[in-house]
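# Structure assessment
Chain by chain, the residues:
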Amino acid sequence: MNTVKYWLRLVRLFFHYQKKSFRLPYFPVRMWVELTSDCNFQCIMCPNKDLKDGDRGFMDIGLFRKIVDEAAGSVFEINLAHRGESLLHPNIIDAITYAKGKKIYTRLHTNGSLLTEDLSRKIVASGLDRLSFSFDGYEKTTYEKIRRGGDFEKTAGNIIRFLEIKKDAGSKTPETAIEVINFGKKTGKDNNPAKDAFRNRFKDLPLDSFVMKELHNWAGELTQKESSAKYSACPFPWNAAIICWDGLMVPCTQDFFNHYILGNVNEASIRDIWNNDNMATLRKKLASGDIKDLKACSECDRPWRKRIMGIPKEYLWKFITKRMP
């Protein structure tokens, strides 16, 4: 998507968000497609460990292709992850190459523990645009306490080897980041020597960014609601669509347990669900602040985050810069 078209769509999105339109004349600009809800970790800050067995599964590759076909030409980017570890999916490379074949900016988020030499080479060759690793804790004890089920040295080694393969291939893609949740406010400390030593492990390797992310409360599933900002309607239902492995479409990545189901893409198109009665009602409630009966929204910390022109500061910056393919 060229720059002019990108900006025109952003202006259109901003207009309808500020106007608080209930039905939108455009397709979602971002999508999360959950290849699997299963995960091999039980991280302390993630509700995945509380998912019921019936909520775990793997997306059929045929359904994935249907979703991508509908999104092609309209969506800015597609994120191949939501609640689970996407590298568990046996068709992960097929999914990446299919999305890239439709000229969609494609992202993947992973804990990195399942990377192998062969899989790393295939990811580098796949055309994936961005790969981000969740890696919380700069030393073994901290990491393995937070990321239960993980092995600090093994996973760090996997990431280093991936970057070496990327470097040897002379490839600029995928743009690669390590994302760390900022637990500093909660723990009251920032272990700078350990942080520096950890970052030095990636010296002279093509790691494009080291991102510090703020902790959030997963729509009330975790007790973490600290903000002095005033309420503002969450912009997610005006710009994004989230599709779970079984085809259920939900309005936000924070609705971890699918409290508000919009529809099922096995039964209807994304475009139809995007403007159905369920979605229109949700936008109306968010616009008016009438969210007390919406479990995920009423208990979430996102509507009270600091904003500029009604848009969360971190989202606005990403839209203006990093999210533009």
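These numbers come from a predicted model, not from an experiment.

Topologically, S113 is positioned in the loop between β3 (105–110) and α4 (117–126). What S113 contacts, discounting residues up to four positions off in sequence, is N40, F41, K154, T155 and N158.

Here we come to the confidence of the model for the protein chain. The predicted model of the protein chain has a mean per-residue pLDDT of 88, with 86% of residues at 70 or higher. Scored below 50 in pLDDT, residues 216–222 shows 30 contacts in the model against residues more than four places distant or in partner chains.

This paragraph deals with the nonpolar core. Judged by nonpolar contacts, the single largest core of 80 residues is most densely connected at M31, F64, I67, I123, I178 and M249. Excluding its chain neighbours within four sequence positions, the residues that come into contact with I67 are M31, V33, M59, I243, V265 and I270. By size, the runner-up hydrophobic cluster in this structure holds nine residues, among which are F236, L248, V250 and C252.

All right, on to α4 then. Within the sequence span of α4, burial applies to L119, S120, I123, V124 and S126. For α4, the angular spread of the buried residues around the axis is 160°, confining them to a single face. Against α3 (92–101), β4 (130–134) and α6 (152–169) lie the buried residues of α4. Of the residues one or two after α4, G127 is the one with positive phi, at around 95°.

For the rest of this paragraph, the subject is the pattern of salt bridges. Note that side chains of opposite charge can pair when their charged atoms are close. Under the defined criterion, the tally for this structure stands at 20 salt bridges. Its salt-bridge partner being K66, residue E70 comes within 2.6 Å of it at the nearest N-O pair. Of this pair, E70 and K66 are both found in helix α2 (residues 61–71), four residues apart, which corresponds to roughly one turn of the helix. Between R147 and D136 there is a salt bridge, with its nearest N and O atoms 2.8 Å apart. In this pair, R147 sits in the loop between α5 (140–146) and α6 while D136 sits in the loop between β4 and α5, placing the two residues 11 residues apart along the sequence.

Our next topic: the environment of R23. Within the element layout of this structure, R23 appears in the loop between α1 (3–19) and β1 (30–33). A residue is classified by how much of its surface remains accessible, and R23, at 44% relative accessible area, is partly exposed. Separated by 261 residues in the primary sequence, R23 and K284 have C-alpha atoms spaced 9.6 Å apart. Apart from the residues within four sequence positions on either side, R23 is in contact with N275, N276, D277, A280 and R283. A polar atom in the side chain of R23 sits 2.4 Å from the backbone oxygen of N275.

Criteria and thresholds
- Residue positions are given per chain, counting from 1 as you read along its sequence in written order.
- The predicted origin of the model limits local features to residues at a pLDDT of at least 70 and limits the giving and counting of side-chain atom pairs to 80 or more, whereas totals for whole chains, interfaces and linings rest on all residues.
- Processing note: side-chain calculations cover all non-hydrogen atoms of the structure and skip hydrogens and water entirely.
- Helix numbering and strand numbering both begin at the N terminus, where a helix is a DSSP run of H or I of at least 4 residues and a strand a DSSP run of E of at least 2.
- Whether two residues are in contact is decided by their heavy atoms, any of which lying within 4.5 Å being enough.
- Values of pLDDT, ranging from 0 to 100, describe the predictor's confidence in every residue of the model.
- The term nonpolar core refers to a set of buried residues drawn from Ala, Val, Leu, Ile, Met, Phe, Trp, Tyr and Cys, joined through side-chain atoms within 4.5 Å.
- Burial here depends on accessible area, computed with a 1.4 Å probe over protein chains only, as a share of the maximum for the residue type. Under 20% is buried, over 50% is exposed, and the range in between is partly exposed.
- This arc is taken over the directions from the axis of the helix to the C-beta atoms.
- A pairing counts as a salt bridge when a side-chain nitrogen of Lys or Arg comes within 4 Å of a carboxyl oxygen of Asp or Glu.
- We call two N or O atoms a polar contact when they sit within 3.5 Å, provided that within protein one can donate a hydrogen and the other can accept it, with sequence-adjacent residues counted only if both atoms are side-chain atoms.

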